[in-house]
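# Breakdown of the fold
Listed here are the chains, written in short residue letters.
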Amino acid sequence: MNLESIEKNWDMVIVGGGVTGAGIFRESVRNGFKTLLIEQKDFAWGTSSRSSKLVHGGLRYLKEGNFALTRESVKERERLLREAAGLVHPLEFHLPIYKDQNPGVWTMKIGLFIYDLISGKWRHRYYGKNAFLKIEPFVAACGLAGGFAFSDAQVDDARLVLRLIHESERLGGLALNYTRAIRLERDRNKNVCGIVLEDTESRETVCVNTRLVINATGVWAEELQPSPEKHRHLRPLRGSHLVFPKKAIPIETAVSFFSPRDGRQQFAIPWEGAVVLGTTDIDHKEPLCQEPAATRAEIEYLLEGAIRIFPSLRLTLADAVSSFAGVRPVVSEGKVSADQESREHVIWKDRGVVTVTGGKLTTFRILAQDALLAGRDYLPEKRWTAPSEPIFEPWTPEVVSAGLPVETHQKLWGRYGKETSVMLANAPVDHLQGISGTHTIWAELPYAASHEKIRHLDDLLLRRVRIGLLLSEGGRAHLHQIRALCQPVMSWSDAVWDREIDDYLRMWRACYSPCRP
Ligand SMILES: Cc1cc2nc3c(=O)[nH]c(=O)nc-3n(C[C@H](O)[C@H](O)[C@H](O)COP(=O)(O)OP(=O)(O)OC[C@H]3O[C@@H](n4cnc5c(N)ncnc54)[C@H](O)[C@@H]3O)c2cc1C
């Protein structure tokens, strides 16, 4: 879309197309406000496609005594499990306990008891050594005392963002990717009256009018609006992951364990047909405009933990298919180590700009409500919809076309909502087959290519579908077929396709390959 042609007057402009911006967009449009969302790169390009993909209460916050954050997160988890079927799934964890380990059995028992108490559902169980090895045969047996099973949930993080954005657009909002906020305009009383936007590729600029700007730019938040608190600033903390095919780590359930090097909690999580191993927590010193990447030291750290917990699998780096890294927006006084920093969000207000940063994927709805409340004085008077209204359009088990299993249909609905029927209506039967090693079906590719504002090949392969993370060499072996499927529904010429494939593979090798120089 040409920037010059967009509507010039808005109730609210949201800057940032991650989960925070997308959640605010959803709440704002639902409340009837005329809302524009802009994202400087692709939707979910920032931290929100690079998380550990957990919708969780956060056992770690309990350990730190932060009951309020755990309680809030557990409640949101339960709500998302109810309202986002197909997108947010229950995820069972197994946690082995070793004899010399701290925290030991009793500490974990108390923690998990509180965890269940908060959700009102009794889910955790303790197994003795032999019983635990029966359900988790690959974990190291030496020194094992027993282990716990407990419940959390998981999501496709980028699809969560996209679902929020697409449902808001269907209700009348406008979301533009590759559009950056470059300057706020203020009136003579210093109140915000507009914002200057730039198409990051054509360099076209436009100024639109608005009385409220929501700065939901995560780790970039202080670039648009510096912290009003002299001693509290954003501390970008990188977390990296390694991805293995399921055949290398054949677990059915997530396994949580403690790093042999520093005792930090780690996990191996089955996700979308692969297994994600994570994560690290270190200061990110690289420029924020660059695609973040796991360093060799981080990869060695993650692999060391996996080798120690799954010794019989004889894992090597050659087994991994990809790595990815994200940068946590953490608001800090700089007094504690990275992994002790609070994950709570902050709201800063300044004459028509509301900044909301920090927080978690899990609590995006709470962040959205807090942000809208903070900006209320700048919004036209409206009757607000109750926060208890469902977040997403509910799944309706309509006629499932071409004999698609109900489970697959629900999963597609989780990702695409009502648009699932559009996708399936146009899909020949062979496009309903799954792509081996993933939970993606071929029909998703041409649908996303034609309906989901793709500008570059990495938008399609890393965020609309997750093939770039799940298959070796970023799915290189399938690129020919992907091109054949998508080229007829896109405006890219042969030359553009050639260039996009080269750029994608170069970027993948530099930032997503598990074998770092
Ligand atoms: C390694 C890791 C693991 C995590 N795991 C979990 C987890 O399992 N569960 C959980 O609940 N949370 C998790 N989190 C936290 C969660 O991912 C983040 O809190 C959340 O994604 C932040 O979302 P956001 O929208 O605020 O920021 P982002 O997703 O970074 O979005 C901000 C967006 O703003 C855009 N932007 C910046 N400047 C401009 C501008 N001037 N104009 C336009 N756009 C701009 C950026 O390009 C970016 O896309 C994890 C974080 C990390 C790093």
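So, here's what we can say about the structure.

The rules behind each value
Residues numbered from 1 in each chain as written. Predicted model: local features only at pLDDT ≥ 70, side-chain atom pairs only at ≥ 80, totals over all residues. Heavy atoms only, no water. Near = heavy atom within 4 Å. Polar contact = N/O pair within 3.5 Å; in protein donor to acceptor, adjacent residues only side chain to side chain. Areas by Shrake-Rupley, 256 points an atom, 1.4 Å probe, with all protein chains shown as cover. Nonpolar A, V, L, I, M, F, W, Y, C, P; charged D, E, K, R; others polar. Core = buried A, V, L, I, M, F, W, Y, C linked by side-chain atoms within 4.5 Å. Buried < 20%, exposed > 50% of the residue type's maximum accessible area, 1.4 Å probe, protein only. Helix = DSSP H or I, 4+ residues; strand = E, 2+ residues; numbered from the N terminus. Domains from an automatic or database assignment. Contact = heavy atoms within 4.5 Å. Pairing = 2+ DSSP bridges. Phe/Tyr/Trp six-rings, centres within 6.5 Å; stacked < 30°, edge-to-face > 60°. Lys NZ or Arg CZ within 6 Å of the ring centre and 35° of its normal.

### Quick notes on the site of the ligand
Neighbouring residues of the ligand: 36 residues in total, closest Thr20, Glu39, Ser48, Leu54 and Thr362. The backbone of glycine 46 places a nitrogen or oxygen atom 3.2 Å from an oxygen atom of the ligand. For the ligand, whose free accessible area comes to 1000 Å², the fraction covered by protein is 96%. Looking at the shell around the ligand residue by residue, the classes come out as 10 nonpolar, 20 polar and 6 charged.

### Digging into the nonpolar core
Within the largest apolar cluster, 45 residues are counted, with the highest numbers of intra-cluster contacts made by Leu445, Leu457, Leu460, Leu461, Ile482 and Cys486. Listing elements by their share of this core, those giving two or more residues are strand 14 (274-278), helix 10 (406-416), helix 11 (420-425), helix 12 (444-451), helix 13 (457-464), helix 14 (467-470), helix 15 (479-486) and helix 16 (494-511). Here the element with the most residues in this core is helix 16; it accounts for 7 residues. Of the residues that make up this core, three or more belong to each of domain 2 (91-152 + 233-331) and domain 3 (401-511). In this structure, leucine 457 is in contact with Leu479, Trp492, Trp497, Glu500, Ile501 and Tyr504, ignoring residues within four places of it in sequence. Within the second largest apolar cluster, 40 residues are counted, among which are Val155, Leu212, Val356 and Ala374.

### Here we look at the pairing of strand 4 (residues 88-98)
Burial analysis of strand 4 places 8 of its 11 residues in the buried class, the great majority of the element. With 11 bridges joining them, strand 4 and strand 6 (residues 144-155) adopt antiparallel strand pairing. Along strand 6, the bridge assignment pairs histidine 89 with glutamine 154.

### Re the packing of aromatic side chains
Tallying each qualifying case throughout the model produces 8 aromatic pairs. When the ring of phenylalanine 93 is compared with that of phenylalanine 150, the centres are 5.1 Å apart and the planes differ by 5°; the resulting orientation is stacked. Of this pair, phenylalanine 93 sits in strand 4 while phenylalanine 150 is found in strand 6, placing the two residues 57 residues apart along the sequence. There is no split in this pair, since phenylalanine 93 and phenylalanine 150 are both buried. Residues tyrosine 115 and phenylalanine 150 carry aromatic rings whose centres are separated by 6.3 Å and whose planes lie at 75° to one another, so their mutual orientation is edge-to-face. Highlighted residues: tyrosine 115 in helix 4 (residues 105-119) and phenylalanine 150 in strand 6, separated in sequence by 35 residues. Each of the two residues, tyrosine 115 as well as phenylalanine 150, counts as buried. What links up through ring pairs into an aromatic cluster is the set Phe93, Tyr115 and Phe150. Lying across the ring of tryptophan 45, arginine 50 places its NZ or CZ 5.2 Å from the centre. For the cation-ring pair, lysine 109 lies above tryptophan 106, with the distance from its terminal atom to the ring centre recorded as 4.8 Å.

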